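Chain residues, written in single-letter form:
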Amino acid sequence: WTFIIGAAHTHPEGTNAMFSWLDLKATRDLYRDVGAFGKEHIFNICVNHDGTIYALKINDFDALNAKIENDWVNARGNTDKKKKKNLKWKLQNEYNLDSNLERVFLKEFKDCGVSLYKAEDDNLSNWNKLELNNPNANLSSVNSIPCN
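All figures in this text were calculated on a predicted structure; none of them were measured in a lab.

**Q** Residues and numbers for the pairing of strand E2 (residues 43–48), please.
**A** Of the strand pairs in this sheet, strand E1 (residues 6–11) and E2 are connected by six bridges, and their pairing is parallel. Of the residues in E2, the one forming a bridge with Ala7 is Asn44. Sheet analysis places E2 next to strand E3 (residues 53–58), joined by five bridges and oriented antiparallel. Residue pairing in the sheet places Phe43 in a bridge with Lys57 of E3. In sequence, E2 turns back onto E3 through a hairpin of four residues, with Gly51 there showing a positive phi of about 95 degrees.

**Q** Help me get a handle on the packing of aromatic side chains, residues and values and all.
**A** Scanning the model with the defined rule gives four aromatic pairs in all. On the numbers, 4.8 Å between centres and 45 degrees between planes, the contact of Phe105 with Phe109 is tilted. Site record: aromatic cluster; members linked through ring pairs are Phe19, Phe105 and Phe109. One Lys or Arg, Lys88, reaches over the ring of Trp89 and ends 5.4 Å from the middle of that ring.

**Q** Describe helix H4 (residues 101–108), with residues and values.
**A** Across the eight residues of H4, six count as buried, placing the element largely inside the fold. Those residues of H4 that are buried are in contact with helix H1 (21–33), E3, helix H3 (80–97), strand E4 (114–119), strand E5 (127–132) and strand E6 (142–146). Residue Asn100 occupies the N-cap position of H4, its side-chain oxygen lying 3.2 Å from the main-chain nitrogen of Glu102.

**Q** Please give an account of the pattern of salt bridges that cites residues and values.
**A** All told, the structure shown has 11 salt bridges when counted by the stated rule. For the salt bridge of Arg28 with Glu69, the shortest nitrogen-to-oxygen distance reads 2.8 Å. Here Glu69 lies in helix H2 (residues 61–74) and Arg28 lies in helix H1, a separation of 41 residues in the sequence. Of the residues examined, Arg28 reaches a relative accessible area of 3% and is grouped as buried. A relative accessible area of 37% places Glu69 in the partly exposed class. For Arg103, the salt bridge is made with Asp98, and the minimal N-O distance between the two is 2.7 Å. With respect to class, Arg103 is no different from Asp98; both count as buried.

Rules and cut-offs
Residues numbered from 1 in each chain as written. Predicted model: local features only at pLDDT ≥ 70, side-chain atom pairs only at ≥ 80, totals over all residues. Heavy atoms only, no water. Pairing = 2+ DSSP bridges. Helix = DSSP H or I, 4+ residues; strand = E, 2+ residues; numbered from the N terminus. Phe/Tyr/Trp six-rings, centres within 6.5 Å; stacked < 30°, edge-to-face > 60°. Lys NZ or Arg CZ within 6 Å of the ring centre and 35° of its normal. Buried < 20%, exposed > 50% of the residue type's maximum accessible area, 1.4 Å probe, protein only. Contact = heavy atoms within 4.5 Å. Polar contact = N/O pair within 3.5 Å; in protein donor to acceptor, adjacent residues only side chain to side chain. Salt bridge = Lys/Arg side-chain N within 4 Å of Asp/Glu carboxyl O.

Quick look at the structure:
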């Protein structure tokens, strides 16, 4: 049998160099579907066309699950395909309004039980946890906290 506790994927040129709503849902699904052993190790890594590498970790599954379910129930569309498309474009529009994709992601998902990390080198040996200085401010700065 296969035991998966993490995933990695790429965002090619022409896409945002940051996690999408579907990436967040995939992380939730991975956590939900893995057995009791390993839940604390679940991760999702995004390798981007611009060289940035981000990782997501779940801190509070119930908060993440509530966010995903709430977004899904309230998404426009009467089919799964339309709902996914509208959720994708909703976040895309947020990314288009602010060139700081880290800030957009952290604001959009600030209360949904995930942490965002950024690799600081190509061999993935140094990571920083990213947090908003003031989560309620529109133009909050992003703090980079070394993990090593």
